[in-house]
Amino acid sequence: MRAELFDPDIPRDRLLAAGARLFRRQGFRATTVRAIGAEIGLLSGSLFHHVRSKEEILFGVMERVIGAMLDDLRAGLSAAGDTRARLRALIAVELTYLHGPCADATAVLFHEWRALSPERQAVLLSGREAYFALWHEVLERARAEGLTRAEPAVLRQFLHGALAWTSFWYQPGGALDIDALSEQALAMVAPPEVSP
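An unreviewed UniProt entry lists the protein under the name TetR family transcriptional regulator, from Pararhodobacter marinus.

Turning our attention to the packing of helix α4 (residues 54–79) against helix α6 (residues 103–111). Axis separation between α4 and α6 bottoms out at 9 Å; the angle between their running directions is 105 degrees. Here α4 is positioned roughly perpendicular relative to α6, judged by the angle of their axes. Taking contact as the criterion, the partners of Leu 58, Val 61, Met 62, Val 65, Ile 66 and Met 69 in α4 are, on α6, Ala 105, Thr 106, Val 108 and Leu 109. When grouped by side-chain class, the residues that make up the contact of α4 with α6 number nine nonpolar, one polar and no charged.

Summed over the entire model, instances satisfying the criterion amount to five aromatic pairs. Summarising the aromatic geometry, the rings of Tyr 131 and Trp 135 are spaced 6.4 Å apart at their centres and angled 50 degrees between planes, so their arrangement reads as tilted. Here the residue Tyr 131 and the residue Trp 135 both occupy positions in helix α7 (residues 118–144), the gap between them amounting to four residues, near one helical turn. With relative accessibility at 5%, the residue Tyr 131 sits in the buried group. Put simply, the rings of Tyr 131, Phe 132 and Trp 135 pair up and form one aromatic cluster. Between Lys 54 and the ring centre of Phe 28, over which it is positioned, the NZ or CZ distance is 4.4 Å.

Here is what the cut-offs are and how they apply
Residues numbered from 1 in each chain as written. Predicted model: local features only at pLDDT ≥ 70, side-chain atom pairs only at ≥ 80, totals over all residues. Heavy atoms only, no water. Axes fitted to C-alpha atoms, helices over the stretch in contact; angles between N-to-C directions. Helix = DSSP H or I, 4+ residues; strand = E, 2+ residues; numbered from the N terminus. Parallel < 35°, antiparallel > 145°, perpendicular 65-115°, else oblique. Contact = heavy atoms within 4.5 Å. Nonpolar A, V, L, I, M, F, W, Y, C, P; charged D, E, K, R; others polar. Phe/Tyr/Trp six-rings, centres within 6.5 Å; stacked < 30°, edge-to-face > 60°. Buried < 20%, exposed > 50% of the residue type's maximum accessible area, 1.4 Å probe, protein only. Lys NZ or Arg CZ within 6 Å of the ring centre and 35° of its normal.

Dropping the structure here:
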């Protein structure tokens, strides 16, 4: 999976990374363009050579993370050997983005979606819909194979919500790593068969 979303050698990418950090820490509305510029040593006037507005920074962060999550989920599903492994890939990609190097941008995507204009939301919807279509496909297959019982659309909402909620309690670097957390979540969704 992706180590970084933003290239530190590209000025616009540095702005997006700074925006992601500050939007996550302070919220979109409370973060000023001046603060974003100061985070990387740019005066707000210079910042506008790279972006036109604070919303463009937010949109750029979300566009980048949606595309990266979709690419990594496709790769994870492609590498998975069976449906249970594909279920695990759904969980692992989501948790890795929530708690790994891309955590700031992912948190912004999850919590600041409504700060975008409806027009910009509409641009991003195709990526989000493609991501969730992969989830639905795997959850449909899991139900057909008897690995899960819940209606796939409902299970996706519950699972997606539960994984997003880990951002409030999970401690990266603690006793439970992402692999172990992914296994715990998978066991709740599709318990392994127990031998008699």
